[in-house]
Amino acid sequence: MPQFRQRQFLEFEKPVKELFDQVAQLKQMAEKNPKMDYTDTIQQLEQSILEKRREITQHLTPWQQVQLSRHPDRPYTHAYIKRMCTNYMELYGDRNVRDDKAIVGGFGQLDGQTVMIIGHQKGINTKMRQLRNFGMANPEGYRKALRLMRLAEKFNKPVVTLIDTPGAFPGAEAEERGQGEAIARNIYEMMRLKVPVICVIIGEGASGGALGIGVGDRVLMLQNTWYTVISPENCSSILWRSWEKKEVAAEQLKLTSTDMKGFGLVDEVIPEPYGGAHWDYEATSQSLKSHLIPLIKELQSIDPAVRVQQRIEKYSKMGFWEEVPV
């Protein structure tokens, strides 16, 4: 598991925290008293941690899954790129306004296959989160993403997008620079890209901020993520004029990976380590990579014109409704 100086635990993770603290104390005692052997006790506690993580994972509510998707120790785009890709070269700027740090991307190799990988980046500490605007991209972020996608198309390289955003930045200056147009343009252009496009929700998938890099031949979700038009808190504030009903809103929105798979809005759900992706970056990255490589090969075998048509049909068929005669 990743080692953090200040590992953070959510409210429902407290049973794990208690065991984790006991392990830390025993390791400190072992350092102070080398003659004492705590190995067996530590191993038993670590096994108990694993069992408790498994137990928590099996009984998560939709709101708890939302909390896990936002876990401050959860891996972001750069963490996946570092563990999945070789020879990665980040590219910057939209060639118009500036470089938006909330969206990152560049060429990298997945087992020798060059891909353009693009994703939201939230930042790993307070300073970096402010720099990355908490993963909320401005119009230039989406225009940068589109520039990179077109570059991938020029060199006939697949596109992989990693989605993790609470939404596009809603500030007045973003609207002045054409936030809505930038997202709409990305949706339109992604639908027509002649190269394979795979989208993966690795954390939060909120509204147009996610859709701006979320149109692809295949859409995947990690197990403890969510994907919907509005966050539970904002939904609660609109319907009940308070954030206190956010748990109810999370339940009613049907936003979990299981719900999305059931509705046919995503193609596959990728399992996470027990307790969430933040417990094992390497295992989560390798699990994602093992899904991406065969998908890329499968999509590359399809004629580009056919692939684009299938993509258009895929999104045209989404959703269901009932017509009531007047």
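Residues numbered from 1 in each chain as written. Predicted model: local features only at pLDDT ≥ 70, side-chain atom pairs only at ≥ 80, totals over all residues. Heavy atoms only, no water.

Undergrad: If you had to explain the pattern of salt bridges to someone new, which residues and values would you point to?
TA: Scanning all chains against the criterion turns up 25 salt bridges. Between Glu 51 and Arg 54 there is a salt bridge whose closest N-O contact spans 2.7 Å. Linking Glu 51 with Arg 54, this pair stays in helix H2 (residues 39-58), spanning three residues, or about one helical turn. Here Lys 314 ties to Asp 267 by a salt bridge, and the two come within 2.8 Å at their closest N and O atoms. In this pair, Lys 314 is assigned in helix H14 (residues 304-316) and Asp 267 in the loop between helix H12 (257-263) and strand E8 (268-270), connecting sequence segments 47 residues apart. (Salt bridge = Lys/Arg side-chain N within 4 Å of Asp/Glu carboxyl O. Helix = DSSP H or I, 4+ residues; strand = E, 2+ residues; numbered from the N terminus.)

Undergrad: Could you give an account of helix H11 (residues 246-253), with specific residues and numbers?
TA: Taken together, the buried positions of H11 are occupied by Ala 249, Ala 250 and Leu 253. Down the axis of H11, the buried side of the element spans an arc of 100°, and every buried residue falls inside it. Elements that come into contact with the buried residues of H11 comprise helix H3 (62-69), strand E7 (226-228) and helix H10 (232-240). Lys 254 lies just past H11 and shows a positive phi near 50°. (Buried < 20%, exposed > 50% of the residue type's maximum accessible area, 1.4 Å probe, protein only. Arc of directions from axis to C-beta. Contact = heavy atoms within 4.5 Å.)

Undergrad: Now, about the packing of aromatic side chains: what can you tell me, with residues and values included?
TA: Counted by the stated rule, this structure contains three aromatic pairs. Ring geometry for Phe 20 versus Trp 279: centroids 6.1 Å apart, planes at 65°, classification edge-to-face. Remark: Trp 279 occurs in the loop between E8 and helix H13 (281-300) and Phe 20 occurs in helix H1 (residues 14-32); sequence separation between them is 259 residues. The buried category is assigned to Trp 279, whose relative accessible area is 2%. (Phe/Tyr/Trp six-rings, centres within 6.5 Å; stacked < 30°, edge-to-face > 60°.)

Undergrad: Got a sec to walk through the packing of helix H6 (residues 139-154) against helix H8 (residues 179-192)? Specific residues and values, please.
TA: Relative orientation of the contacting elements H6 and H8 amounts to 20°, with a least axis distance of 8 Å. Here H8 runs roughly parallel to H6, going by the angle between their axes. With respect to the hand of their crossing, H6 and H8 are arranged in left-handed fashion. Contact residues: H6 offers Pro 139, Tyr 142, Arg 143, Ala 145, Leu 146, Met 149, Arg 150 and Glu 153, while H8 offers Gln 179, Glu 181, Ala 182, Ile 183, Arg 185, Asn 186, Glu 189, Met 190 and Arg 192. A breakdown of the residues in the contact of H6 with H8 according to their chemical character gives eight nonpolar, two polar and seven charged. (Axes fitted to C-alpha atoms, helices over the stretch in contact; angles between N-to-C directions. Parallel < 35°, antiparallel > 145°, perpendicular 65-115°, else oblique. Left-handed = near helix turned anticlockwise from the far one by under 90°. Nonpolar A, V, L, I, M, F, W, Y, C, P; charged D, E, K, R; others polar.)

Undergrad: Give me the nonpolar core: which residues, what numbers.
TA: Side chains of nonpolar character tend, in soluble globular proteins, to be buried together. Among the nonpolar cores identified, the biggest contains 32 residues, and Met 116, Ile 118, Tyr 142, Met 149, Val 159, Met 190 and Tyr 227 are the most heavily contacted of them. Secondary-structure elements contributing two or more residues to this core are strand E2 (103-110), strand E3 (113-120), H6, strand E4 (159-165), H8, strand E5 (197-206) and strand E6 (218-222). Among residues more than four places away in sequence, those in contact with Tyr 227 are Ile 201, Gly 205, Ala 210, Leu 211, Gly 214, Met 221, Leu 255, Met 260 and Val 266. Judged by nonpolar contacts, the second largest core, of 23 residues, contains Tyr 80, Leu 110, Ala 277 and Leu 299. (Core = buried A, V, L, I, M, F, W, Y, C linked by side-chain atoms within 4.5 Å.)

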